[in-house]
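Here is what each chain is made of, one letter per residue.
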Amino acid sequence: MVLVVLVFASALSVATFALENGLMRTPPMGWLAWERFRCNTDCDSDPQNCISENLFTDMADRLSEDGWRELGYVYVNIDDCWSSMERDEKGRLQPDPERFPGGIPKLARYMHDRGLKLGIYADIGSVTCEGYPGTPLDKIETDAQTFADWEVDMLKFDGCHSNATEQEQGYPLMSKALKASGRPIGYSCSWPVYQDCLPPKVNYTQLGELCNLWRNYYDIEDSWDSVQGIIDWFFDHQDVLIPVAGPGRWNDPDMLIIGNFGLSMDQSRTQMALWAIMAAPLFMSNDLRTISSGARSILQNKMAISINQDPLGIQGRRIVKEKSGIEVFWRPLSNNASALVFFSRRNDMPYRYQTSLRRLNYTTGIYKIFDVFTEKTMMLKGSTDFVVSVNHTGVVMWYVSVPAELNLGQFY
Ligand code: GLA
C-alpha cells in the first residue's frame with residue numbers, strides 16, 4: 001500500500017513539474033541586446049552599435065574580462081533583427097550574411113570558449129515584431145533543431161503577429177521540440193504578454209510546466225516611469241505571481257536598464273533591489289563597453305546578486321504600503337535569512353521612516369543587519385524602533401540574518 005501511494009505521488013509530481021530540463025534553478029543572468037540596441041541594422045554608418053556579431057563578441061569580451069561572468073552574468077542573448085529576410089534552401093532560419101558572416105555556430109563557440117552561453121530569439125507569428133521571418137507552427141521543429149545544431153543555449157520565443165490558437169499550440173510545441181532536440185536550451189516565453197498578462201486568460205501553472213521564464217508584462221523602456229510602472233504591476237499582482245515562481249520557472253519583469261540614460265543612481269539601486277526581491281532574471285541591456293563605474297558597481301553588487309540567486313527561489317512580496325509613500329518589501333532566503341527593501345515614492349528630501357522588525361513580522365530576538373549598498377553591519381533587536389533614511393525614488397536594502405551564536409531556531 002505504501003508503495004502504491006509512493007508511485008502515485010511521484011507520478012503526480014512529474015505531472016506537476018513537466019519542464020524538468022534541469023535548467024535555470026536560479027534566475028538566469030546575462031546580457032540581452034534589445035532595450036539598448038533595438039533593431040539598429042545600419043552597420044555602414046553605425047558599425048559599433050548595429051546588431052551584428054561584433055556587438056555580441058564585444059559584450060562577451062566585457063563579460064569575461066570585467067568581472068561579470070564570475071558573478072553569474074553568463075548569457076549573451078541576441079534579440080530581434082538578427083536573421084536574413086529569407087530562410088535557406090532547406091527552409092531553415094539563417095542569420096543576415098553581412099552582419100553575421102561567421103554564422104551562429106561560430107558565435108556560440110566564441111561564448112562557450114569563454115565560459116559564456118548564447119541566447120537567440122524567434123517569434124511564433126508569421127513574422128517577428130520587427131518583420132523578420134517568424135516561426136509558425138509548421139516550422140517549430142525545424143527551428144528548434146536548427147538552434148540545437150548551432151549549440152544555442154537559450155531561446156526567447158516572442159508572440160507578435162500570432163493569434164490565440166497559434167499561441168496555444170505553438171508555445172507547448174516549442175517546449176516539446178526543444179526537449180526533443182537533444183540539447184538543454186533554456187526557454188523564455190512571451191506568451192502572457194499576448195494574453196493580457198493575467199488569469200483567467202493566462203494559465204501560470206501551465207507556463208511553469210512549459211517554460212523556464214516568461215515575460216508577464218509589457219516592454220521596459222529607458223525611463224523611471226517605465227520601471228515604476230513595472231514595479232507597480234508586479235507587486236499589485238503579487239498574489240497571482242508569487243506562487244508560480246520557483247527554481248526553473250521565473251516571472252520576468254524584463255531587462256535591467258541600469259547603465260543607460262533614463263535612471264538616476266538611486267533609481268538604478270531601486271531596480272536592482274526590487275529585481276532581487278522578485279527573484280527576477282537579471283538580463284542587462286546596456287553598453288558594457290562604456291558603462292559608468294557607478295552603474296557597474298550597482299550591477300556587480302555581490303549581496304544584491306546573492307539575494308536574487310537565493311537557492312530557495314521564493315519570490316518576495318510587498319508587505320507595507322504607507323500613506324507617506326514608503327513601501328517595504330520582504331523576501332525569505334535560505335539559512336533563516338531574509339531581505340528587506342525600504343522604497344520611497346516621494347518627490348522631496350530623504351524621508352526618515354521609523355519602524356521596527358517586530359512591526360515587519362519578525363519575532364523579538366537579535367538580528368544581524370547588512371546594508372547591501374553601504375555595506376555597513378549592525379545588530380538590531382526585533383523589538384527596537386529604528387529609522388532608515390530613504391532617498392526619493394530610492395531604496396535602503398538589508399540582508400537580515402540571525403547571528404550563528406544566537407541562532408534560536410526557526411523564525412518563519
Ligand atoms: C517585443 C518584445 C521585446 C523585443 C521586441 C523585438 O516587443 O517584448 O522584448 O524582443 O519585441 O522586436
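Residues numbered from 1 in each chain as written. Predicted model: local features only at pLDDT ≥ 70, side-chain atom pairs only at ≥ 80, totals over all residues. Heavy atoms only, no water.

**Q** Any chance you could explain the state of the cysteines here in plain terms?
**A** Structurally, a disulfide amounts to a covalent bond that connects the sulfur atoms of two cysteines. Across all of its chains, the model carries 4 disulfides by this definition. At a sulfur-sulfur separation of 2.0 Å, the disulfide partner of cysteine 39 is cysteine 81. Looking along the S-S bond of the cysteine 39-cysteine 81 disulfide, the torsion reads about -115 degrees, which is the left-handed sense. With cysteine 39 in the loop between α2 (34-37) and α3 (53-65) and cysteine 81 in the loop between β2 (75-77) and α5 (103-113), the pair connects residues that are 42 residues apart, well separated along the chain. (Disulfide = S-S within 2.5 Å. Helix = DSSP H or I, 4+ residues; strand = E, 2+ residues; numbered from the N terminus.)

**Q** Looking at this structure, how should I read the packing of aromatic side chains?
**A** To describe a pair of aromatic rings, you give the distance between the ring centres and the angle between the ring planes. Enumeration according to the criterion identifies 23 aromatic pairs in this entry. With centroids separated by 6.5 Å and ring planes inclined at 40 degrees, the aromatic side chains of phenylalanine 157 and tyrosine 187 adopt a geometry described as tilted. Pair noted here: phenylalanine 157 is in strand β4 (residues 154-158) and tyrosine 187 is in strand β5 (residues 186-189), with a separation of 30 residues, a long-range link. When the centroid spacing of 6.4 Å and the interplanar angle of 50 degrees are considered together, the rings of phenylalanine 329 and phenylalanine 343 count as tilted. (Phe/Tyr/Trp six-rings, centres within 6.5 Å; stacked < 30°, edge-to-face > 60°.)

**Q** Mind showing me how you'd approach the sheet that holds β2 here?
**A** Strand pairing within a sheet occurs via backbone hydrogen bonds; the two strands may be parallel or antiparallel. The strand order β7-β6-β5-β4-β3-β2-β1-β8 describes an open sheet built from 8 strands, whose pairing is parallel. On the outer flanks of this sheet lie β7 (250-252) and β8 (282-284), each paired with one strand and no other. Between one strand and the next, the sheet's axes are offset by a mean angle of 25 degrees, whatever the strand orientation. (Pairing = 2+ DSSP bridges. Axes fitted to C-alpha atoms, helices over the stretch in contact; angles between N-to-C directions.)

**Q** In this structure, what is going on with the sheet that holds strand β14 (residues 377-381)? I would like to understand it.
**A** On the basis of which strands lie adjacent, the open sheet formed by 6 strands has the order β9-β10-β11-β16-β13-β14 and antiparallel pairing. Whereas interior strands pair on both sides, the edge strands pair on one side only; in this sheet they are β9 (317-321) and β14. The sheet shows a mean angle of 30 degrees between the axes of neighbouring strands, taken without regard to direction. In this sheet, strand β16 (residues 395-401) lies alongside strand β11 (residues 338-344) in antiparallel orientation, the contact comprising 6 bridges. By the bridge assignment, serine 338 is partnered in β16 with valine 400.

**Q** Is there a simple way to explain the packing of helix α6 (residues 140-149) against helix α7 (residues 164-180) in this structure?
**A** For the pair α6 and α7, interaxial distance at closest approach is 9 Å and the crossing angle is 40 degrees. By the angle class used here, α6 and α7 are oblique. Crossing of α6 over α7 shows right-handed handedness. Residue-level inspection shows Ile140, Glu141 and Ala144 of α6 in contact with α7, the latter providing Gly170, Leu173, Met174, Ala177 and Leu178. Partitioned by chemical class, the residues of the contact of α6 with α7 number 6 nonpolar, 1 polar and 1 charged. (Parallel < 35°, antiparallel > 145°, perpendicular 65-115°, else oblique. Left-handed = near helix turned anticlockwise from the far one by under 90°. Contact = heavy atoms within 4.5 Å. Nonpolar A, V, L, I, M, F, W, Y, C, P; charged D, E, K, R; others polar.)

**Q** Is there a simple way to think about the environment of methionine 349 in this case?
**A** Mapped onto the elements of the fold, methionine 349 is located in the loop between β11 and β12 (351-356). Linking methionine 349 and tryptophan 250, residues 99 residues apart in sequence, is a C-alpha distance of 36 Å.

**Q** What should I look at first to understand the site of the ligand in this one?
**A** Close to the ligand lie Trp34, Asp79, Asp80, Tyr121, Cys129, Glu130, Lys156, Asp158, Arg215 and Asp219, which account for all nearby residues. A distance of 2.6 Å separates an oxygen atom of the ligand from a polar atom in the side chain of aspartate 79. With respect to the ligand, the side chain of arginine 215 contributes an N or O atom lying 3.2 Å from an oxygen atom. Protein contact buries 92% of the 300 Å² of open area that the ligand shows by itself. Looking at side-chain class alone, the shell around the ligand contains 3 nonpolar, no polar and 7 charged residues. (Near = heavy atom within 4 Å. Polar contact = N/O pair within 3.5 Å; in protein donor to acceptor, adjacent residues only side chain to side chain. Areas by Shrake-Rupley, 256 points an atom, 1.4 Å probe, with all protein chains shown as cover.)

**Q** What is the right way to read the environment of alanine 177 from this model?
**A** Considering the arrangement of structural elements, one finds alanine 177 in helix α7. Measuring from C-alpha to C-alpha, the distance between alanine 177 and proline 332 comes to 36 Å, with 155 residues separating the pair along the chain. In this view, alanine 177 contacts Ile140, Glu141 and Ala144; residues no more than four positions away in its chain are not counted.

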